[in-house]
Amino acid sequence: MGTGATGPTGDQGGTGPDGPTGDTGPQANNYFLTFTISNGVPTSGTRYANVGQNVLSSEVGIRLPAASTLVGITYSADATPGASRTYDVEVISDPAGTPSIEATLAIGNAESADSRRDLSVAIGATTLLGVRMTRQADAGSSSFTDVVIIVELSIP
């Protein structure tokens, strides 16, 4: 007995439905802390920034609620530092105790408009942050009086 002929191939089945979409991972949120200096930097060479109306960051600082990443510092002033004076904007931890510099933005003698430095500095949970300006070159008080410093943090 012989083998019969092969029949035609059947139709291909359709594509099944898509599976469910996976969960979205956590998204980081950026927060901006604003510090101000309204009296310039004195001849002593250091001025702590305010965290509120006449409240110095050297007295209270701002406590972070969670571990964060310092992602940027922005500086703006009403005038240039003048002469050959240069300054550092320093983001510091433990400003009321033993300050430790977390990040620095160097300000040249001709800068007044927005200066920014992008960073990626890990900051621990419950860290107390403050800001100060320190003169790095030359002497005398600053020629600017109004300074705004914005510290940008990414908190997951």
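Just above, that's the structure.
Rules used throughout
- Residues numbered from 1 in each chain as written.
- Predicted model: local features only at pLDDT ≥ 70, side-chain atom pairs only at ≥ 80, totals over all residues.
- Heavy atoms only, no water.
- Helix = DSSP H or I, 4+ residues; strand = E, 2+ residues; numbered from the N terminus.
- Rg over C-alpha atoms; globule rule 2.2 N^0.38 Å.
- Buried < 20%, exposed > 50% of the residue type's maximum accessible area, 1.4 Å probe, protein only.
- Contact = heavy atoms within 4.5 Å.
- Areas by Shrake-Rupley, 256 points an atom, 1.4 Å probe, with all protein chains shown as cover.
- Phe/Tyr/Trp six-rings, centres within 6.5 Å; stacked < 30°, edge-to-face > 60°.
- Salt bridge = Lys/Arg side-chain N within 4 Å of Asp/Glu carboxyl O.
- Core = buried A, V, L, I, M, F, W, Y, C linked by side-chain atoms within 4.5 Å.

Caption draft 1: Seen up close, the overall build of the chain. A tally of helices and strands in the chain yields zero helices and 11 strands. Start at the N end of the chain and walk to the C end: the helices and strands fall as β-β-β-β-β-β-β-β-β-β-β. Relative to a compact globule of 156 residues, whose C-alpha radius of gyration would be 15 Å, the chain shows 28 Å and is clearly more extended. Each principal axis of the C-alpha atoms in the chain carries an extent, and together these give about 115 × 35 × 25 Å. Buried residues in the chain amount to 35% of all 156 residues. The long-range fraction of contacts in the chain, counting pairs at least 24 apart against all pairs at least 6 apart in sequence, stands at 78%. For the chain, the accessible area works out to roughly 8900 Å², and carbon and sulfur atoms hold 49% of it.

Caption draft 2: Region of interest: unusual backbone geometry. One non-glycine residue, Thr126, adopts positive backbone phi at about 65°. Inspection of the secondary structure assignment puts Thr126 in the loop between β9 (115-123) and β10 (128-137). Thr126 sits in the partly exposed class, given a relative accessible area of 48%. Phi is positive for Asp138, close to 75°, though the residue is something other than glycine. If you trace the backbone, Asp138 turns up in the loop between β10 and β11 (147-155).

Caption draft 3: Fine view of the packing of aromatic side chains. Across all of its chains, the model carries one aromatic pair by this definition. Aromatic pair Tyr87 and Phe144: ring centres 5.3 Å apart, planes at 70°, arrangement edge-to-face. One end of the pair, Tyr87, is in strand β7 (residues 86-93); the other, Phe144, is in the loop between β10 and β11, with 57 residues separating them in the sequence. Comparing Tyr87 with Phe144, the two get one shared label, buried.

Caption draft 4: Geometry of the side chain of Thr127. Within the element layout of this structure, Thr127 appears in the loop between β9 and β10. Relative accessible area serves as the criterion here: at 17%, Thr127 is assigned to the buried category. If we skip the residues at most four places from it in the chain, Thr127 touches Ile62, Arg63, Leu64 and Ser93.

Caption draft 5: Expanded view of the environment of Pro95. Looking at the element boundaries, Pro95 is found in the loop between β7 and β8 (100-107). For Pro95, a relative accessible area of 4% corresponds to the buried category. Distance in space between the C-alpha atoms of Pro95 and Ile62 is 9.4 Å, their sequence separation being 33 residues. Once residues lying within four places of it in the same chain are set aside, the contact partners of Pro95 are Tyr48, Ser57, Ser58, Gly61, Leu128, Leu129 and Gly130.

Caption draft 6: Quick peek at the pattern of salt bridges. This model, assessed by the stated rule, comprises three salt bridges. Within the structure, one salt-bridge network assembled from shared partners comprises Arg116, Asp118 and Glu152.

Caption draft 7: Inspection of the environment of Ala96 at higher detail. Note on placement: Ala96 falls in the loop between β7 and β8. For the pair Ala96 and Ala122, spaced 26 residues apart in sequence, the C-alpha separation works out to 20 Å. Apart from residues no more than four positions distant in its own chain, Ala96 is found in contact with Ser58 and Glu59.

Caption draft 8: Just the nonpolar core, in detail. Residues Leu70, Tyr75, Val89, Met133, Ile149 and Val151 are the most contacted members of the largest nonpolar core, which totals 27 residues. At the level of secondary structure, the elements contributing two or more residues to this core comprise β1 (29-37), β6 (68-77), β7, β8, β9, β10 and β11. The residues touching Val89, leaving out its near neighbours within four places in the chain, are Ile73, Tyr75, Ala103, Thr104, Leu105, Ile107, Val131, Arg132, Met133 and Ile149.

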